[in-house]
Amino acid sequence: MTTAIAPEVKTGGFDREALEQIIAAHPLPSWVADHRRAALEAFSSLGLPDRRSENWMRTDLRLFKPKAWGLRPKPAAGSTVAEGLLTAGTSLVGRIVSLDGHVVREELDPSLAKRGVLFGAAETLLAEHGDAIKPHWFSVIDSKSDYFAALHAAFHRASAILYVPAGVKIADPLHVMAAIGEGGVDTSHVLVVLGEGAEATLLTETAGGGAAASAAGGFHCGGTEIVVGRGAFLRMVNLQNWNTGVWHFARQKAVVHENGRLQWTLGALGSRLSQVAQDVALAGRHADAQVNGVMFTEGRQHLVYNTLQHHEAPSCKSDLLYKGALQDRSRLVWRGMIKVDKAAQKTDGYQRNDNLMLSNESRADSIPGLEIEADDVRCTHGATSGRVDAEQIFYAQARGLTADEAARLVVAGFFQQVFDRITIEPVRDALARAIGSRIRRVS
Amino acid sequence: MADFIRVADVTEIPDPGKTLVEVDGEMVAVFHVEGRFYAIDDVCTHDGGPLADGELRDHKISCPRHGAKFDIRTGAALTMPAVRATRAHDVKVEGNGVWVRLRADATADGPAAHATATAAPTATPASPAAATSDASSSHEAAAPAATKSGPLSEDSIREMLKDVKDPELFVNIVDLGLVYGVTLTPADDVPGKQKISVDMTMTSPACPAGPQLIGDTKRVLAAHADVSAVEVRIVMDPPWTPDRMTEAARDHLGIF
């Protein structure tokens, strides 16, 4: 049913006045505000993305009403932070929790703080350590590339920063939870900077928002920037676990420098519509990026991923594997590109997308692409889409399993290949559990 | 089961015409053709993009991007590149409003319930009570129709045969120029019914699609209420040549 968004949700919209309120709320260095205002300038002249552009062709925004959303001055009464999926079984050395765009919890192991690690809300860290963060702040993602990138760059709030100085190795993971209540808005930004030879593991997840049937839903317009310094190693996990009424737009990009390593895992279980740009730039020799994607969609969910593996420097390696299972009438779109610059000789690039359809009405689009200017590279890609093999189900049933158990087994086997690459056990277990609980009978 | 939702005034959609509406968070295309209303998903099953911006001709809507055609009554995919039906939804006219109820799944087997406008858009509306009762009866009467009707003639039979498509070329046998002759003779045994004899050819004597084309031809014609028997004769003289194709078929195949 078409129902107007409840008036108390509509607390401002995204305009100059709202921006000045955000700026006035925290005393931060003036360059932070200048950046916001410049982004607003760009935002004001941008319309919603054109459906004719390649990246938005398969994203239906007609039911997205930008004017229905605005930032809340404080978490709505009754909004609560949902339990995270990634925190179980992990010993965390730091955590940030936000609700409806407001940080409600900030913690960092004091021994790490002593070694110069910065981890906390941007509102705090930009004020105290602005000089260290300024060179990286919005240096990685293009804040004027489209409507949502500009909106995010102007109105980001409850953002998280992780800064690990050169040589500091953090063994245990840090965790960022961005939660919203029904009809909530989240514009949080995540900036991760690893100095030379540093090591860290950051788990981020989202939760909450309205369910598919509710009129309120939710709106996330986020951005993630990752800088992996020379010889540094980052394990990054983003789990998108909104309820199925939430609109999710995310611009995410990592730059990996010489000998740096990035293992980046994306999990997607929720949202009504997702539009995610995930870019990795290999900017120094022998940089290595492994990208893993685990998606499970159901109902009328529609998830779109545009990925880019950009080889800027020679002798780098990138390896992307996205796996998705689709149930009901959901839809999954992956459009991947490996771009190799002229200078990037001896590139080793790979991308692969596998989709498993669990229903007749689901739809998966896989669109791999290569753009190669160098002449001495190894770049390959692959994509598969298919149904659950009825013979496998039959075989399992002949061994005494029920049809449901058999389906779960087949889906678990399908995802095993990508789970094997995720070296953080609690993350692997959480994803497997979440997917297992969502599978219904295969039709 | 979802409820009927009022999506438009009867007068808002010209005949023939179409409009896009939002129902339960989904985009639905509503059509008004020959006094009746129909609703299908605004989704082309070929590329998943929107459909309703395309051209509406009779009961067919063409996808604006790649030209796939769908039957607005059933959602059935009529031409390549679409092969799967899009969802058709239930429609009723009550009072002065057009109401749509979403269906759970895509079925192109039987037509969705569709509604007749109780009053022409420009005519004075009937009293609300009368309009309501009319509408509900037309809704109930809209059970899947198993047979076609209408007067039989050589032209109407050729029109029906346009539903038979060559499975490799995706062009119908009439436009391909495969149908040479159609003869109607009154059936001796059943009064009022007709026997139909079709002379047709194949693009080559060894055409692997032959049995399918013959079977489809028989099936399509036998579905008509006034047809008692169908005979299909394959003739190889005169031989078929590409010259026999219509302009439309040439366009479709990219032959100029």
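Conventions used here
- Residues numbered from 1 in each chain as written.
- Chains lettered and ligands numbered in written order.
- Predicted model: local features only at pLDDT ≥ 70, side-chain atom pairs only at ≥ 80, totals over all residues.
- Heavy atoms only, no water.
- Helix = DSSP H or I, 4+ residues; strand = E, 2+ residues; numbered from the N terminus.
- Contact = heavy atoms within 4.5 Å.
- Polar contact = N/O pair within 3.5 Å; in protein donor to acceptor, adjacent residues only side chain to side chain.
- Buried area = accessible area lost by both parts, 1.4 Å probe.
- Salt bridge = Lys/Arg side-chain N within 4 Å of Asp/Glu carboxyl O.
- Buried < 20%, exposed > 50% of the residue type's maximum accessible area, 1.4 Å probe, protein only.
- Axes fitted to C-alpha atoms, helices over the stretch in contact; angles between N-to-C directions.
- Parallel < 35°, antiparallel > 145°, perpendicular 65-115°, else oblique.
- Left-handed = near helix turned anticlockwise from the far one by under 90°.
- Nonpolar A, V, L, I, M, F, W, Y, C, P; charged D, E, K, R; others polar.
- Pairing = 2+ DSSP bridges.

K.L.:
Please give an account of the environment of Gln327 of chain A that cites residues and values.
P.N.:
Residue and element names in this part refer to chain A. Position of Gln327 relative to the elements: it lies in the loop between strand 16 (317–326) and strand 17 (331–340). Between the C-alpha atoms of Gln327 and Asn360, which are 33 residues apart in sequence, the distance is 8.6 Å. Ignoring sequence-local partners within four residues, the contact set of Gln327 consists of Phe296, Thr297, Glu298, Gly299, Leu358, Ser359, Ser362, Arg438, Ile439 and Arg440. At a separation of 2.9 Å, a polar atom in the side chain of Gln327 contacts the main-chain carbonyl oxygen of Arg438.

K.L.:
Can you break down the interface of chain A and chain B residue by residue, with the values?
P.N.:
With 15 residues of chain A at the interface, the matching set in chain B holds 19 residues. The contact between chain A and chain B buries some 1400 Å² in all, and 37% of this surface belongs to carbon and sulfur atoms. Together, Arg62, Leu63 and Arg329 of chain A form the three largest contributors to the area buried by chain A at its contact with chain B, with a combined 36%. Connecting chain A to chain B are six salt bridges.

K.L.:
Give a detailed account of the pattern of salt bridges, specifying residues and quantitative values.
P.N.:
When the charged atoms of two side chains lie near each other, side chains of opposite charge can form a pair. Considering all chains together, one arrives at 40 salt bridges over all chains under this definition. Two residues, Arg331 of chain A and Asp365 of chain A, come together in a salt bridge whose shortest N-O distance is 3.4 Å. Pair noted here: Arg331 of chain A is in strand 17 and Asp365 of chain A is in strand 19 (residues 363–372), with a separation of 34 residues, a long-range link. Among the residues examined, Arg331 of chain A registers a relative accessible area of 9% and is labelled buried. The exposure class assigned to Asp365 of chain A is buried, which follows from its relative accessible area of 12%. Put simply, Glu55 of chain B and Arg57 of chain B hold a salt bridge, and the shortest N to O gap is 3.0 Å. Owing to a relative accessible area of 55%, Arg57 of chain B belongs among the exposed residues under this scheme.

K.L.:
Outline the packing of helix 2 (residues 30–45) of chain A against helix 5 (residues 147–155) of chain A, supporting the account with residue identities and numerical values.
P.N.:
Residues and elements named next belong to chain A. Axis separation between helix 2 and helix 5 bottoms out at 7 Å; the angle between their running directions is 150°. Compared by their axis directions, helix 2 and helix 5 come out roughly antiparallel. Crossing geometry of helix 2 relative to helix 5 is assigned as left-handed. Contact with helix 2, carried on its side by His35, Arg36, Ala39, Leu40, Ala42 and Phe43, involves Tyr147, Ala150, Leu151, Ala153, Ala154 and Phe155 of helix 5 and no other residues of that element. Here the residues of the contact of helix 2 with helix 5 are counted per class, giving 10 nonpolar, one polar and one charged.

K.L.:
Which residues make up the sheet that holds strand 11 (residues 179–186) of chain B, and what values do they have?
P.N.:
Residues and elements named next belong to chain B. Reading across the sheet, the three strands line up as 11-12-13 and stay open at both edges, with mixed pairing between neighbours. Either end of the sheet is taken by a strand with one partner, and the two such strands are strand 11 and strand 13 (227–234). In this sheet, neighbouring strand axes are inclined to one another by 15° on average, regardless of whether the strands run parallel or antiparallel. Here strand 12 (residues 194–200) pairs with strand 13 via seven bridges, running parallel. Each bridged residue has a counterpart across the sheet, and for Val198 the counterpart in strand 13 is Val232.

In short, the description is geometric, and any link to function would need to be established separately.
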